[in-house]
Amino acid sequence: MPQLTDEQRSLIGRESAPREAPYAVNEAMARFWCEMVEDANPIYFDEEYARRTWLGGTCAPPAMLFTWGMEPVWPEVKRENMISKLQLEGCTTTIAVNATQEYALPIRYGDTLSIAN
């Protein structure tokens, strides 16, 4: 069974420095995501409807927050980040636990987000 190294143990409970998300929040990615999960909420794409709500306009699905921060997987690029330092020899999967999302403002199309892990 793989064991954590001292460096890996030192990362437990630490937050990485913020980095800019690779893509701006955009309607095309949101539309594909909504189609995939069959979320037809008009607040995401119907500007007239959304203007009449407390949001005052369309916004991206909040559950996509992780999506906006994901690094592209192709072409494969070696990235040095906190998650890459947690890779254990012999493990072939990534396990994410204890994820918390906090929404202070609606995510709008065109926004560029900062992500910390």
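Our subject is the structure that appears above.
Reading the values: the criteria
Residues numbered from 1 in each chain as written. Predicted model: local features only at pLDDT ≥ 70, side-chain atom pairs only at ≥ 80, totals over all residues. Heavy atoms only, no water. Helix = DSSP H or I, 4+ residues; strand = E, 2+ residues; numbered from the N terminus. Buried < 20%, exposed > 50% of the residue type's maximum accessible area, 1.4 Å probe, protein only. Contact = heavy atoms within 4.5 Å. Areas by Shrake-Rupley, 256 points an atom, 1.4 Å probe, with all protein chains shown as cover. Salt bridge = Lys/Arg side-chain N within 4 Å of Asp/Glu carboxyl O. Disulfide = S-S within 2.5 Å. Phe/Tyr/Trp six-rings, centres within 6.5 Å; stacked < 30°, edge-to-face > 60°.

## A closer look at the overall build of the protein chain
Alright, step 1. Each helix and strand counted, the protein chain has five helices and two strands in total.
Alright, step 2. When the helices and strands of the protein chain are listed from N to C terminus, the series reads α-β-α-α-α-α-β.
Alright, step 3. Classification of the 117 residues of the protein chain by burial places 21% in the buried group.
Alright, step 4. In the protein chain, once contacts between residues fewer than 6 apart in sequence are set aside, the share between residues at least 24 apart is 76%.
Alright, step 5. Summed over its atoms, the accessible surface of the protein chain is roughly 9,000 Å², and 55% of this surface lies on carbon and sulfur atoms.

## Some details on the pattern of salt bridges
Alright, step 1. Under the definition given, this model contains three salt bridges.
Alright, step 2. With its nearest N and O atoms 3.5 Å apart, the salt bridge here joins Glu 27 to Arg 31. Note that Glu 27 and Arg 31 are positioned in helix 2 (residues 27-37) at a spacing of four residues, about one turn of the helix.
Alright, step 3. Glu 27 sits in the partly exposed class, given a relative accessible area of 39%.
Alright, step 4. Residue classification places Arg 31 among the partly exposed positions, given a relative accessible area of 37%.
Alright, step 5. Arg 51 is the salt-bridge partner of Glu 47, the closest N and O atoms lying 3.7 Å from each other. With a gap of four residues between them, Glu 47 and Arg 51 both fall in helix 3 (residues 47-51), about one helical turn apart.

## Some words on the state of the cysteines
Alright, step 1. According to the stated counting rule, one finds zero disulfides in the structure shown.
Alright, step 2. Unpaired in this structure, Cys 59 has its nearest cysteine sulfur neighbour in Cys 34, at a distance of 9.9 Å.

## Observations regarding the packing of aromatic side chains
Alright, step 1. Counted under the stated rule, the structure contains two aromatic pairs.
Alright, step 2. Pairing Tyr 44 with Phe 45 gives two aromatic rings, centres 6.3 Å apart and planes at 75 degrees, and the pair type is edge-to-face.
Alright, step 3. Taken together, a centroid distance of 6.4 Å and an interplanar angle of 15 degrees make the contact between Phe 45 and Tyr 109 stacked. Of this pair, Phe 45 sits in the loop between helix 2 and helix 3 while Tyr 109 is found in the loop between helix 5 (82-85) and strand 2 (114-115), placing the two residues 64 residues apart along the sequence.
Alright, step 4. Following the ring pairs from residue to residue traces out a cluster consisting of Tyr 44, Phe 45 and Tyr 109.

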